[in-house]
Every structure is written in structure tokens, then in C-alpha cells.
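Notes for the structure review
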Amino acid sequence: MGVEVHERYINPYTDFGFKKLFGTELNKDLLISFLNALFSGSGKEIKDVKYLNSEHLGDGYGDRRAVFDVYCTTEDGSRFIVEMQKAEQAYFKDRSIYYSTFAIREQAPKGTWDYRLENVYTVGLLNFTLNECPDDSYIHEIKLKDVVDNRVFYDKLTLMYLEMPKFRKTEDELETMMDKWMFVLHNLSRLMERPRALQDRVFKKLFEQAEIAKYNPEERREYEASLKNF
């Protein structure tokens, strides 16, 4: 039995909703806009992405696999794992680090290799708060650092965690593109129309892609099943 849907727009915290918006070739411009907003001011600008196989197996028979929500590479060779974490789980950080290793290990070619790696970024949108981060900051950038002088020891592995429940800005308080992305992802399923503050072209497309009434019967069934799981 399906789930009766009353909302106008999909819930991006569902597997279907997240992959619909960020995990398809048709909507890769949404993913590019989101990532550029997240890394604004870092000097990194993403112009294009290529989606990679999101399912990864271990080295031997019976090894545990890893399945990413979204996995892609950019034109400079950087690899991005983007995940929506719906609920708090034991050893979440361990899982996040473990997933990152797949994007590192697959860079090793057969034969002679000098061990040079491309950048790996793991981005986690969390529908819960991290207990060790009690303040109001909701975006956390994690790198390997020297504990004595606090300098970055290795800058090619970055983990970004977004604590979505901590984002409490209203529509009138949105200033940056990242503010807008946080607002729309946090509130999408509760909205009945596109807010005035989200008039950028990319959000026009997002709302078009998120409108449940436009889905065919198969997409509707997939979303209802995903919503039930959520």
C-alpha cells in the first residue's frame, strides 16, 4: 500500500528526492550550483561534473560494499561523494571515512605509480546534529591537521558536514547562495510555491523538477516507496 502524498514538492531527504535533484545527468547543473555555493570563497570553481559508478565493492569476495548517493568527478580530476544522511547512526564518522577510502583507492592504476592523488571531497547533508558541535555553526569543514600548530597537514581529503536542523534563517534573512540552498533543501517539502528570494534560474529548475504532479506513474510509485522508507 502506498503513501498518500499531500505536498506539492518532493522531500529531498528521501532517497528518491535527493537523487532526483542531484544524481541525474539532466539535473547536474543543480549539483554544480550547490557545490559551488558550498565552496564559495575557497578558490575552487566547478564548471562540469561527470557521474561515476555509485556502487563499490571491496577487494575480495564477500567484502563489504559501499553505495554512494551521488559520486562524481570534476574537470580537474577531483572526486566528490555527496550523501544525504537521514538519521543519526552509530559510528557515523567511521562510515564517512570508510566511504572516502573507496574514492582514494580507486585512483591507483595497475603497474608503476608515483602515489599522486587527486582531491577527494565527502559532503554530508545531515538531518540531525553532531553532538560534539553544540554551537550554532551548521557547516563544518574537516581536514587532516597538525595538532601542535593547527596547520593543514594534508589538503587533498576534505569532509564537509552540513547540520540541516541548525539552519533557522527565514526567507528574508537569506544573503548568500549557500543560504538559499540550505533554505530550499531544509524547507522544500513544506513549501507550496517558489519563494521570492529564490528567483535564480537554478531554483526555477529545481522547483520544476521537484513538483510531484509532473511525475509519471512509475516515478510517483518510486517516490511514494522512498517516502514510506523515510
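As a reminder, the structure under discussion sits directly above these lines.
Cut-offs and rules
Residues numbered from 1 in each chain as written. Predicted model: local features only at pLDDT ≥ 70, side-chain atom pairs only at ≥ 80, totals over all residues. Heavy atoms only, no water. Phe/Tyr/Trp six-rings, centres within 6.5 Å; stacked < 30°, edge-to-face > 60°. Buried < 20%, exposed > 50% of the residue type's maximum accessible area, 1.4 Å probe, protein only. Lys NZ or Arg CZ within 6 Å of the ring centre and 35° of its normal. Helix = DSSP H or I, 4+ residues; strand = E, 2+ residues; numbered from the N terminus. Polar contact = N/O pair within 3.5 Å; in protein donor to acceptor, adjacent residues only side chain to side chain. Contact = heavy atoms within 4.5 Å. Axes fitted to C-alpha atoms, helices over the stretch in contact; angles between N-to-C directions. Parallel < 35°, antiparallel > 145°, perpendicular 65-115°, else oblique. Left-handed = near helix turned anticlockwise from the far one by under 90°. Nonpolar A, V, L, I, M, F, W, Y, C, P; charged D, E, K, R; others polar. Core = buried A, V, L, I, M, F, W, Y, C linked by side-chain atoms within 4.5 Å.

In this section: the packing of aromatic side chains. Scanning all chains against the criterion turns up 19 aromatic pairs. Ring plane angle 70 degrees and centroid distance 5.1 Å describe the contact between F68 and Y71, whose orientation is recorded as edge-to-face. Like F68, the residue Y71 is buried in the burial classification. Each residue in the set F18, F22, F34, W181 and F203 is aromatic and connected to the rest through ring pairs, giving one cluster. It is R105 that lies over the ring of F102; its NZ or CZ is 4.8 Å from the centre.

A few words on the side chain of K44. Inspection of the secondary structure puts K44 in the loop between α2 (28-38) and β1 (49-51). At 3.0 Å, the side chain of K44 and the side chain of D76 are in polar contact. In this structure K44 touches N36, F39, D76, S78, F80 and Y121, once residues within four positions along its chain are discounted.

The next thing to look at is the environment of S42. Relative to the assigned elements, S42 resides in the loop between α2 and β1. Look at S42 and you get partly exposed, because its relative accessible area is 48%. Considered as a pair, S42 and I104 are 62 residues apart in the sequence and their alpha carbons are 22 Å apart. Reaching out from S42, the side chain makes a polar contact with the backbone oxygen of F39 at a distance of 2.6 Å. Reaching out from S42, the side chain makes a polar contact with the backbone nitrogen of K44 at a distance of 3.3 Å.

Another aspect to go through is the packing of α2 against helix α5 (residues 201-210). Running from amino to carboxyl end, α2 crosses α5 at an angle of 130 degrees, the nearest separation of the two axes being 10 Å. Classified by the interaxial angle, the pair formed by α2 and α5 is oblique. Seen along the crossing, α2 lies across α5 with a hand that is left-handed. Contacts between α2 and α5 pair D29, L30 and S33 from the former with V202, K205 and L206 from the latter. Its residues assigned to classes, the contact of α2 with α5 comprises three nonpolar, one polar and two charged.

Another aspect to go through is the nonpolar core. Ranked by internal contacts, the top residues of the largest apolar core, which has 50 residues, are F22, F34, L125 and W181. Discounting residues that sit within four places of it in the chain, W181 has contacts with F22, L30, S33, F34, A37, V202, F203 and L206.

Time to look at helix α1 (residues 15-22). Burial runs high along α1: six of the eight residues are buried. All of the buried residues along α1 are F16, G17, F18, K20, L21 and F22.

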